[in-house]
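What the coordinates show
These are the residues of each chain, in order.
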Amino acid sequence: MIGDAQPLLNQRVVIVGGTSGMGMGAARAASQAGAEVIALGRRPSAKLSAEQSAHGSITFQSLDMTDDAAVEQAFETLGALDHLLITATPPSPGGTFLFQTMADAQAVLSGKFLGSWSCARHAAPKMRKGGSITFTTGGLVTRPRMGASMMMVAFAALEALTRALALELGPIRVNTIRPGVIDSEMWAGMPQTKREAFFALVRERFPAGRVGKVDDIGKAALFLMTNDFVTGAILEVSGGETLVSIE
Ligand SMILES: NC(=O)c1ccc[n+]([C@@H]2O[C@H](COP(=O)([O-])OP(=O)(O)OC[C@H]3O[C@@H](n4cnc5c(N)ncnc54)[C@H](OP(=O)(O)O)[C@@H]3O)[C@@H](O)[C@H]2O)c1
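Residues numbered from 1 in each chain as written. Predicted model: local features only at pLDDT ≥ 70, side-chain atom pairs only at ≥ 80, totals over all residues. Heavy atoms only, no water.

Quick notes on the site of the ligand
Here is the rule we go by: Whether a residue is near a molecule or strand depends on its heavy atoms: if one lies within 4 Å, it is near. A 3.5 Å cut-off defines polar contacts: any pair of N or O atoms within that distance qualifies, except that in protein one atom must be a possible hydrogen donor and the other a possible acceptor, and neighbouring residues in sequence count only when both atoms are side-chain atoms. Computed with a 1.4 Å probe, the accessible areas rest on the Shrake-Rupley method; for each residue, only the protein chains presented here act as cover. Nonpolar residues are Ala, Val, Leu, Ile, Met, Phe, Trp, Tyr, Cys and Pro. Charged residues are Asp, Glu, Lys and Arg, and all others, Gly as well, are polar.
In the neighbourhood of the ligand, 27 residues make up the surrounding shell, with Thr19, Ser20, Arg42, Thr89 and Ser184 lying closest. Within the backbone of Gly17, an N or O atom sits 2.9 Å from an oxygen atom of the ligand. Contact with the protein chains removes 89% of the 890 Å² of surface that the ligand exposes when unbound. For the shell around the ligand, a count of residues per class yields 12 nonpolar, 11 polar and four charged.

What follows is the structure, given as structure tokens:
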């Protein structure tokens, strides 16, 4: 493939959360577009050797995005990059407001929000001309769900940070993908029958008539990396999730 078929040729893409799910979908898309992809996550990279050989230009490295010093060191070691995508959401306590402690609330913010902040903060100084940062949130940001108030707040804060950083970091572009329900490892913890019933409801209710695929997010990430007039945008890739109720 040459020319526009490989719009990321000679570019370096770092994906925090690239060891699974949407991040892995984006890693594949960026790799097919010609990029050198570095996929980061907590799991030891040695365990990923089979996947690594299946996706030639993707290399996996360990990183916990909640450890600011480790994030700083990782970007120092990686050196120059062109695009950063953060799909990871570190595990954190849920629970309804009246049963939450201050520590629970702080854990959500320091995981998703400040973890994403830390990656952007340490990557931005290393970005080459034409660089971009893409955060991810979720459809939850538009419609509260019982027990998920702080995650909704973390998503909303990230969407606000997107616009602030698009201004402060320009010409580095800063955008957010707001995914809907995407079939990924994230749902593996839900019992199979419950998950199948939920996905059936999604197919019935979502205007797009199907459950999202990680490759849908890969295509969106590629669009945001390659369209150099898009910044400060929240790109919803949700099959219409936020137009309907799935309660
Ligand atoms: N899938 C959906 O339907 C959906 C919809 C809307 C929003 N979202 C949001 O997007 C997030 C990611 O979804 P997904 O489908 O890609 O989930 P996934 O398949 O479970 O992938 C999560 C990724 O995050 C990484 N990660 C978790 N904690 C980390 C940490 N502390 N430091 C670095 N990496 C970390 C994981 O890698 P390691 O395990 O190697 O650390 C993994 O690569 C969700 O947790 C959710 O907040 C998902």
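Here we look at the side chain of Gln6
Rules: Helix and strand assignments follow DSSP, with helices taken as H or I runs no shorter than four residues and strands as E runs no shorter than two, numbered in order from the N terminus.
You can see Gln6 is positioned in the segment before strand E1 (12–16). Looking at Gln6, its side chain comes within polar contact range of the main-chain oxygen of Gln32, at 3.3 Å.

What about a negative patch on the surface?
As a reminder, the rule being used: A patch is a set of surface residues, each over 30% in relative accessible area and not in a salt bridge, joined within 9 Å for like charges and within 5 Å for the nonpolar side chains Val, Leu, Ile, Met, Phe, Trp and Tyr. Salt bridges are identified by distance alone: a Lys or Arg side-chain nitrogen within 4 Å of an Asp or Glu carboxyl oxygen. In this tally Asp and Glu are treated as negative and Lys and Arg as positive; neither His nor the chain ends contributes. Note that the charge is assigned to NZ on lysines, CZ on arginines, CG on aspartates and CD on glutamates.
The grouping of Asp64, Asp67, Asp68 and Glu72 at the surface amounts to a negative patch. Tracing the backbone shows Asp67 in the loop between strand E3 (58–62) and helix H3 (68–78).

What to know about the pattern of salt bridges
To keep it simple, the criterion reads: Categorising residues by exposure relies on relative accessible area from a 1.4 Å probe, with only protein chains included: less than 20% of the type maximum marks a residue as buried, more than 50% marks it as exposed, and the intermediate range marks it as partly exposed.
Applying the stated criterion across every chain, the model contains eight salt bridges. With a closest N to O distance of 2.7 Å, Arg128 and Asp82 form a salt bridge. With Arg128 in strand E5 (residues 127–136) and Asp82 in strand E4 (residues 81–86), this pair connects stretches of sequence that are 46 residues apart. Arg128 sits in the partly exposed class, given a relative accessible area of 36%. Beyond isolated ion pairs, a larger network of salt bridges with shared partners links Glu159, Arg178 and Glu236.

Some words on the nonpolar core
This is how it is decided: Nonpolar core, defined: a set of buried Ala, Val, Leu, Ile, Met, Phe, Trp, Tyr and Cys residues in which side-chain atoms within 4.5 Å join the residues together. Here, residues are in contact when the closest pair of their heavy atoms is within 4.5 Å.
Counting 38 residues, the largest nonpolar core has Val14, Val16, Phe75, Leu84, Cys119, Ile133 and Phe135 as its most contacted members. At the level of secondary structure, the elements contributing two or more residues to this core comprise E1, strand E2 (36–41), H3, E4, helix H4 (102–123), E5 and helix H5 (149–169). Sorting elements by how many residues they give to this core places H5 first, with nine residues. Apart from residues no more than four positions distant in its own chain, Cys119 is found in contact with Val16, Met65, Val71, Phe75, Leu84 and Ile86.

Comments concerning the sheet that holds E4
For clarity, the cut-off: Any two strands between which DSSP finds at least two bridges are classified as paired. Note on definitions: angles span 0 to 180 degrees between N-to-C directions of axes, and those axes are lines fitted to C-alpha atoms, for helices only across the stretch in contact.
Read from one edge of the open sheet, seven strands run E3-E2-E1-E4-E5-E6-E9, paired in parallel fashion. Where the open sheet ends on each side, the last strands, each with one partner, are E3 and strand E9 (234–237). Between one strand and the next, the sheet's axes are offset by a mean angle of 20°, whatever the strand orientation. For E5 and strand E6 (residues 173–179), the ladder comprises five bridges, and the chain directions are parallel. Considered in E6, the bridge of Thr136 is made with Ile177. Those strands touched by H3 are E1, E2, E3 and E4, and its axis lies near 165° from that of E1. Each of E1, E4, E5, E6 and E9 touches helix H7 (residues 214–226); the most contacted strand, E6, lies at about 165° to it.

Some details on H3
The following threshold applies: In this context, the arc is that of the directions from the helix axis out to the C-beta atoms.
Where H3 is concerned, the buried positions are Val71, Ala74, Phe75 and Leu78. Within H3, the buried residues cover an arc of 90° as seen down the axis, which keeps them to one side. Turned more than 90 degrees off the buried face of H3, the exposed positions are Ala69 and Thr77. Residues of H3 that are buried in the fold lie against E1, E2, E3, E4 and H4.

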